[in-house]
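Per-entry structural report
Letter by letter, the chains look like this.
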Protein chains: 2
Amino acid sequence: MLEQDEYIEEAAQNPRELIEVDDELMEDIEDLVRSKSDFLILNILQDLYPADIAHIMNRLETKEAEYVFKLIPNEVASEVLLDLDDAHREYLLRTMPQPKLTELVGEMDSDDAADILGELSDEKAEVVLETMNVEDSSDVQELLRYDENTAGGIMAKEIAVVNQKDTIKQAIRAVRKLAKEHKNIYHVYVVDDVGVLVGAVSLQELLLYAPNKRMHKLMSTDVISVTTDVDQEEVAQVFKKYDIVSLPVTDKAHKLLGRITVDDIVDVLEEEHEEDVAHLVGSDAEEMEKRSPAKIAMLRLPWVLITLLLEFVAGLVVHHYDKTLSQVILLASFMPVISAISGNTGLQSAAMIVRGLATGHIDINRWWIPVWRQLQTTLIIGSVCGSVIGAIGGLWHGGLLFGLVVGISMFISINISGVVGTSTPMISKRLGFDPAITAGPFETAFQDVVGITIFLTFATLLLRWL
Amino acid sequence: MLEQDEYIEEAAQNPRELIEVDDELMEDIEDLVRSKSDFLILNILQDLYPADIAHIMNRLETKEAEYVFKLIPNEVASEVLLDLDDAHREYLLRTMPQPKLTELVGEMDSDDAADILGELSDEKAEVVLETMNVEDSSDVQELLRYDENTAGGIMAKEIAVVNQKDTIKQAIRAVRKLAKEHKNIYHVYVVDDVGVLVGAVSLQELLLYAPNKRMHKLMSTDVISVTTDVDQEEVAQVFKKYDIVSLPVTDKAHKLLGRITVDDIVDVLEEEHEEDVAHLVGSDAEEMEKRSPAKIAMLRLPWVLITLLLEFVAGLVVHHYDKTLSQVILLASFMPVISAISGNTGLQSAAMIVRGLATGHIDINRWWIPVWRQLQTTLIIGSVCGSVIGAIGGLWHGGLLFGLVVGISMFISINISGVVGTSTPMISKRLGFDPAITAGPFETAFQDVVGITIFLTFATLLLRWL
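Residues numbered from 1 in each chain as written. Chains lettered and ligands numbered in written order. Predicted model: local features only at pLDDT ≥ 70, side-chain atom pairs only at ≥ 80, totals over all residues. Heavy atoms only, no water.

For chain A, the helix and strand inventory stands at 24 helices and six strands. Dimensions along the principal axes, computed over C-alpha positions, put chain A at roughly 100 × 65 × 55 Å. Within the span of chain A, comprising 466 residues, buried residues form 57% of the whole. A fraction of 67% describes how many contacts in chain A between residues 6 or more apart in sequence connect residues 24 or more apart. Carbon and sulfur atoms make up 55% of the accessible area of chain A, which totals about 20100 Å². Counting 38 positive and 75 negative side-chain charges, chain A places the averaged centre of each group 7 Å from the other. (Helix = DSSP H or I, 4+ residues; strand = E, 2+ residues; numbered from the N terminus. Buried < 20%, exposed > 50% of the residue type's maximum accessible area, 1.4 Å probe, protein only. Contact = heavy atoms within 4.5 Å. Areas by Shrake-Rupley, 256 points an atom, 1.4 Å probe, with all protein chains shown as cover. Lys, Arg positive; Asp, Glu negative; His and termini not counted. Charge placed at Lys NZ, Arg CZ, Asp CG, Glu CD.)

This is the structure:
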């Protein structure tokens, strides 16, 4: 008994803290790698979670990271591999001996295994599939057939499933069979004799009833599910809306095929968000990953060049009115203000709509609601900004009319920006494009052209009195 | 036996589908509300999840929504209330009789109850706290003491907790006690005699062992936890990094106080995303919520007006060089291009850094890494854009020197944008500001000023040869 109490004492005194990966720790590890002190490195790593080991490896040179990786036991290494950044994982996957690769992939849940195989060359992936456990291999091959951005592409095959005539005892047995190798079991799914999903029972419900109770008596029949072809963004919305942690995936005939868990959805949400931000600022979502500057420049260049060409249209408009400009050169001073503010207003409206469409708050069939709301908003913003800039313009130029020209131009172009910024993403969506794409620099460039055209046309018309 | 088989048949034939809330359904419901057909309304609603009922109510006028809400039984109504949009919830909370409010809040988990009480007036919240069950009331009062954006503010008090000397049987009893009223139980937490968190056991592990096994023998002692004062954004990062569904929250002395579940974290992630996007386009995150256009205009105006004033600096720069401009008016045509591209490059860099800081991919103590990477990128982008615009400029103006002026100006201002866009968010963060705030229109306005200044200064210096 003394021994047990001591054990308890010790556990209580050493609650494990999250270890911060700081410069000091990194230096220690680099020194240990250089001196090849395997035992000491392992000693540090065994106190860490796989995600933290990956974090450390990401900060090492690929060669050093490879050295550390070789020391880690397989069941940890397979998790570390999934948490590494692209550059480090690519390197390891390329240099790792084939048998080791097969072992690591074999340790993974089927969805993760499919992701890793997707990153390998076709020949290499084939060898892994041939050398791994037959059952795992067929699961992974099934998953590889689905588009990676759909429910089928992110689901895993590891599910606890029983027939509706089975008892709780049998359901518990199904959980036990899985539980030794897999985490993330939250539900037992219930199917009929032909494999159609008819219900689900959460583990906590499983604990509530007597072991001989039959599943169909206690299962919820109103279980939410998706088919394999549903887009991952929609899947994420289902998780968010219904506050669930696990979602069964079926084929069109409602046959149960797999399940998606919330930890994967958290990643999907991040991915979709990065895509939106990237489009808003005119860039590629992949850039958010760690890539070489040359690669990033190549990803960005198309966007920048398109913006450049669109802005040239604004340049042509200016050129068209250069007589007006050279007569009242102060107009040039107001060009940056007008184009920046209308660009900004358009981008704001577009961003709201992109978010609204993604979260389902905006119903595209009732497009007039956001447009009308936006117009009410820009009428107020336009009046205030128009008055401010009009007053400044009038005082600066020393004439009421000049103030009116800049003020009214500002007012009109802010309102147009609002309406165009609101409707463009909805039209894109209706036409089947990603609404986030039109939101970014295109919107800004378009508003620049509109703003400057209105301003200079208006000024030219009233030129004789300016 | 026939009866049971029939039951199974029926369940299998009617797997519940997600009901789409379309215009037709909405019209039906509006008609039924008008004709006060309570029974038929309830008949539709009872097939729906609370989130879908909330969705329908959000599309009704507040008066009609109130009518529907009164029909719903309390245990569903409490969930619906949490899913409503701000405008509808505000209305219901204002008009609902006090006893009903107390009952609904009593049905909620402590974290949700605290959220709702936070939206009530102080007097109203006090009455609810006084009239509800004493135990619930003290839980909620404890939660109300924490800042709402911290782990303490989002945690719930409903946890299954046992002493480390207890057996699995006792742990299952603890789960059963909670499970009837609360969903989202994934772990049993283990504490020592003074309440210090020493371990955790997932429900699936609980199913693996014999009922008389003691908790300290099977618990994981390396359980990840946070203290109440940790910011919710950091909490979300912990969930993401370690792929967990439930996180215990302790005080500084490691005493277990509550737990956060992943469904709340999904909301936190959304919130933080909306904040980032809103700042990027120069707006307020609250705008994403359904608010009146007047309110939205008021939220946006400060940002727009600040941008307007900053852009005036660009206007002053133009004014300073108006002699140059009036001599070579074609320069005015290139102003929009140069300012848009440098504004865009700066915003891209800033957006990457804001994301990197939020996800922890960028370590502010090693600031030179992203700055150097960004500079390598912009050297390439700048060269390409500079060459393109230089060639166009040279051809258009019919002189090599003009092309050189616009090309080199473009090159320099793109590189400055990249460095400034990268360092500004990191400096803001270091100074304790939200890095997302400086990313938006400020960045664009700043780059406008820089771009135009470089361009016109350069052109003025070379004016005699243009």
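Glancing now at the sheet that holds strand β1 (residues 160–163) of chain B. For sheets, the rule is that strands pair by backbone hydrogen bonds, running either parallel or antiparallel. Residues and elements named next belong to chain B. Sheet architecture is open: three strands sit in the order β1-β2-β3, paired in mixed fashion. Each edge of the open sheet is held by one strand with a lone partner, namely β1 and β3 (197–202). For this sheet, the mean inter-axis angle between neighbouring strands, taken without regard to orientation, is 30°. Pairing geometry for β1 and strand β2 (residues 187–191), over four bridges, is parallel. Considered in β2, the bridge of Asn163 is made with Val191. Sheet strands in contact with helix α13 (residues 168–179) are β1 and β2, and its direction is about 155° off that of β1. (Pairing = 2+ DSSP bridges. Axes fitted to C-alpha atoms, helices over the stretch in contact; angles between N-to-C directions.)

Where nonpolar side chains cluster on the molecular surface, the patch consists of A:Leu400, A:Leu404, A:Ile408, A:Ile412 and A:Ile416 and spans about 430 Å² of accessible area. Assignment of secondary structure puts A:Ile412 in helix α22 (residues 400–430). (Patch = residues over 30% accessible without salt bridge, like charges linked within 9 Å, V, L, I, M, F, W, Y side chains within 5 Å. Salt bridge = Lys/Arg side-chain N within 4 Å of Asp/Glu carboxyl O.)

In this section: the packing of helix α20 (residues 330–359) of chain B against helix α24 (residues 441–461) of chain B. All names here are of chain B. The geometry of α20 relative to α24 is characterised by a closest axis approach of 8 Å and an angle of 140° between their N-to-C directions. By the criterion of interaxial angle, the relationship of α20 to α24 is oblique. Regarding α20 and α24, the two cross each other, and that crossing is right-handed. For the pair formed by α20 and α24, the contact residues are Leu331, Phe334, Met335, Ile338, Ser339, Ala340, Ser342, Gly343, Gly346, Leu347 and Ala350 on the first element and Glu443, Thr444, Gln447, Asp448, Gly451, Ile452, Phe455, Leu456 and Ala459 on the second. The residue inventory of the contact of α20 with α24, partitioned by class, reads eleven nonpolar, seven polar and two charged. (Parallel < 35°, antiparallel > 145°, perpendicular 65-115°, else oblique. Left-handed = near helix turned anticlockwise from the far one by under 90°. Nonpolar A, V, L, I, M, F, W, Y, C, P; charged D, E, K, R; others polar.)

Now for the sheet that holds strand β2 (residues 187–191) of chain A. All names here are of chain A. Sheet architecture is open: three strands sit in the order β1-β2-β3, paired in mixed fashion. The strands lining the two open edges of the sheet, one partner per strand, are β1 (160–163) and β3 (197–202). Strand-to-strand twist of the sheet, defined as the mean angle between neighbouring strand axes without regard to direction, takes the value 30°. Helix α13 (residues 168–179) rests against β1 and β2 of the sheet, and its axis sits at about 155° to β1.

Taken together, the side chains of A:Asp83, A:Asp115, A:Asp147, A:Glu148, A:Asp231, A:Glu234, A:Asp267, A:Glu271 and B:Asp243 present a region of like negative charge at the surface. Since its relative accessible area comes to 47%, A:Asp147 is described here as partly exposed.

What follows is about the interface of chain A and chain B. The interface of chain A with chain B comprises 124 residues on the first partner and 125 residues on the second. The contact between chain A and chain B buries some 11400 Å² in all, and 67% of this surface belongs to carbon and sulfur atoms. Applying the counting criterion to the chain A and chain B interface returns four salt bridges. Linking chain A with chain B are 23 residue pairs in polar contact (both at pLDDT 80 or more), by the criterion used here. Taken together, the residues of the side of chain A that touches chain B break down into 70 nonpolar, 25 polar and 29 charged. (Buried area = accessible area lost by both parts, 1.4 Å probe. Polar contact = N/O pair within 3.5 Å; in protein donor to acceptor, adjacent residues only side chain to side chain.)

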